[in-house]
Amino acid sequence: MNFKKFALTLPVLLCFAACSSVNDGDDDEVLYRYDDDGSRYSPATLGGSIEYLPTMKSEKLRVVKVDSKLNPKDSFEIAADSVYSYSYTSRDYISYYNDFYVGSNDYEVPYVKLVLVFPLNKKSKMEFSQYVRISNRNSNIRLNLYGALAAGRIETLMREKNYSFNDAETTAYEELKKSLRQSFDMTNRFNANTIKYGIESYNDVWPYLILKHEISDSVFYRDFKEYRDVFARNGKVDASIEVRAADAFFSTFEVPSDSEYVYLFKSISRDTAAGLYAMNLNFFKEVYDLDTYGLDYEVMKKDSTTDYSVVINDRSSEYYGRSFAYEYVRGASVYTGWRVQSKEEDSLGLCRYHSQKYTEHGKASYLCRENTRKWEKLTERDSILKYKLGECSSYSFAYVLSYKDTLLVCHHKDYNYFWEKVEKVKKDSLEDFEAVSIEGAERFGICDVNIGEKKKLDSLYVQCYAKRWMVIDSLSYYIGSCTYNNRNAIEKLPSGEYYKCTSDGWAPISVPSGHGDDCWNWNASVYKKYDGKYYYCDGQAWKESPEESVYAPVLNGDPCDESHESDVKTYGDESFVCRKVASDYYVWLLNKESKEK
């Protein structure tokens, strides 16, 4: 075919939809086309990447040429062997690349419909259509699920609302971001599910979760078409679609209670091979509107004792009332994360990997055994007593606890320790440690939540301590124990005596010392009056002073302080002067030579 040679200025070129050559007797054949911005787009080659889940293997790519309203004009297919793939593996990542290439073709408009075909079953296929813009460079086209979900909406906007392709494409993707509650950029490569050991956020996997890909191809394709069609009409979808998807994903984390499967926070689904197994709460939080206020993950990762769980309060979910639990295992990151709380745990409480708990439900007894995450039903009496009451040993001797409304005591015979009914070992007198503990439990109740409580037991003083009632002295009864934590504390007995906690225990102190007044050589001769009694500091200690020995100004209450320093008072034949004897101490001293002011 011979092409005419000619020259046209750019303004003239832009007036034509296309330039052509004529061969005698033949129709015009297009040489090249320009878009509204003056960019050449046809003929064009197309190339790029197929960015679906790595487990989804496409069979072929159909190229559909369209008119200005996206109506199909012509199509052709690329054989399966023209779509190739390869992967890159590192220590933490597996990245998949599936690329395609379409040779040079003429396109009437600067956009084209690309249809990826995947196998569904022996008789059916899955087709995912995506509209892409054609320009002078088309080697970075990205085919992904976002583009397939937006295709129908682009058609609606162009055919029914007369949008340009650019405006329809921009609007559709913005609406899709809001509908999916995801931020994505169609110019970036999508690396869905590339992390080997679980992913911190679902990112590009999100639409696959919404469409329940982890369940089956048929469910996934059915939900894809439903979402695509509803979104095409309305530019959004009902929230019930998301809740159904979350319920489906939730179900893949349901591990039977008798399972030996150790990753209870790992999804049991066909997508685990692609990495979709980490229980990331963000997906469920968004869909179920979970209340995670106050959860601090940095604190939770270091806290192996507190139970953390979040309840599903979305009544539209079939799992309404179920919970997510945070599992922490020391030194093992693959055991740590959010998991589904089992139905058994919903009734009995959380059974965490590093915990051992005993609980009762109805008339049955259960044990959460350490390193199992399972509640075990206990039937043997000795086992029930061991885990409910604790092990009976020399350490727990004389513990008195209740089991089925019966008091049991940790008793021993020839140093063989065992739990026994109290009536079988009770004595008539409070002659020993065990007898006191039993009598205290019978009179005042078992010692469990009332730790530290003190009581009078006949002539004895007793205190609840470590699940047993124990004899204490009268000082401990009235003013408490003297320990390192309350060293130097001062307490007063009901009888009026004061005691100070020292390294040797409670020690009696004088009344002024009990009020915080010390007696040293620098404040000798000071008088203090408490509770109608006078006390005199002789430079070493406070001594009670009879009233007839007290100086008259002190008895009379005459002030002696900084403002009265050097004041002189005369009573009978004796004269007294107010003197400063220390930094804060002023006292009346005998001064026979001074005259009254």
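As a starting point, this report considers the structure included with it. None of these values were measured; they are calculated from a predicted model.

A word on unusual backbone geometry
Line of reasoning, step 1. Here S42 and P43 are connected by a cis peptide whose omega angle stands at -5°.
Line of reasoning, step 2. Of note, P43 is situated in the loop between strand 3 (40-42) and strand 4 (44-50).
Line of reasoning, step 3. Of note in this structure, N162 is not a glycine but carries a positive phi near 60°.
Line of reasoning, step 4. Overall, N162 belongs to the exposed group, its relative accessible area being 60%.
Line of reasoning, step 5. You will see that N488, though not glycine, has its phi angle at about 75°, which is positive.
Line of reasoning, step 6. Mapping N488 onto the fold places it in the loop between helix 12 (474-479) and strand 24 (490-492).

Side note on helix 5 (residues 217-234)
Line of reasoning, step 1. The end-to-end C-alpha distance of helix 5 is 26 Å, a good match for the 26 Å that 18 residues give at a rise of 1.5 Å each.
Line of reasoning, step 2. All of the buried residues in helix 5 are V219, F220, Y221, D223, F224, Y227, V230, F231 and A232.
Line of reasoning, step 3. In the core, the buried residues of helix 5 are packed alongside strand 10 (125-133), helix 2 (145-160), helix 3 (165-180), helix 4 (206-210) and helix 6 (239-251).
Line of reasoning, step 4. Remark: G235 follows helix 5 within two positions and exhibits a positive phi of approximately 75°.

Points about the state of the cysteines
Line of reasoning, step 1. In the structure shown here, the tally under the stated rule is six disulfides.
Line of reasoning, step 2. A disulfide bridge connects C392 with C410, and the sulfur atoms are separated by 2.1 Å. When the S-S torsion is 95°, as for the bridge of C392 with C410, the disulfide is right-handed. In this pair, C392 sits in the loop between helix 10 (381-389) and strand 18 (400-403) while C410 sits in strand 19 (residues 406-413), placing the two residues 18 residues apart along the sequence. Here C392 matches C410 in class, with each residue buried.

Describing the pairing of strand 17 (residues 375-378)
Line of reasoning, step 1. Of the strand pairs in this sheet, strand 16 (residues 364-368) and strand 17 are connected by four bridges, and their pairing is antiparallel. What sits directly across from S365, in strand 17, is L378.
Line of reasoning, step 2. Taken together, strand 16 and the strand that follows it, strand 17, pair antiparallel across an intervening segment of six residues, in which N371 is found at a positive phi of about 70°.

Thresholds, definitions, all that
- Residues numbered from 1 in each chain as written.
- Predicted model: local features only at pLDDT ≥ 70, side-chain atom pairs only at ≥ 80, totals over all residues.
- Heavy atoms only, no water.
- Helix = DSSP H or I, 4+ residues; strand = E, 2+ residues; numbered from the N terminus.
- Buried < 20%, exposed > 50% of the residue type's maximum accessible area, 1.4 Å probe, protein only.
- Expected span 1.5 Å × (residues − 1).
- Contact = heavy atoms within 4.5 Å.
- Disulfide = S-S within 2.5 Å.
- Pairing = 2+ DSSP bridges.

All we've got here are geometric facts, nothing functional implied.
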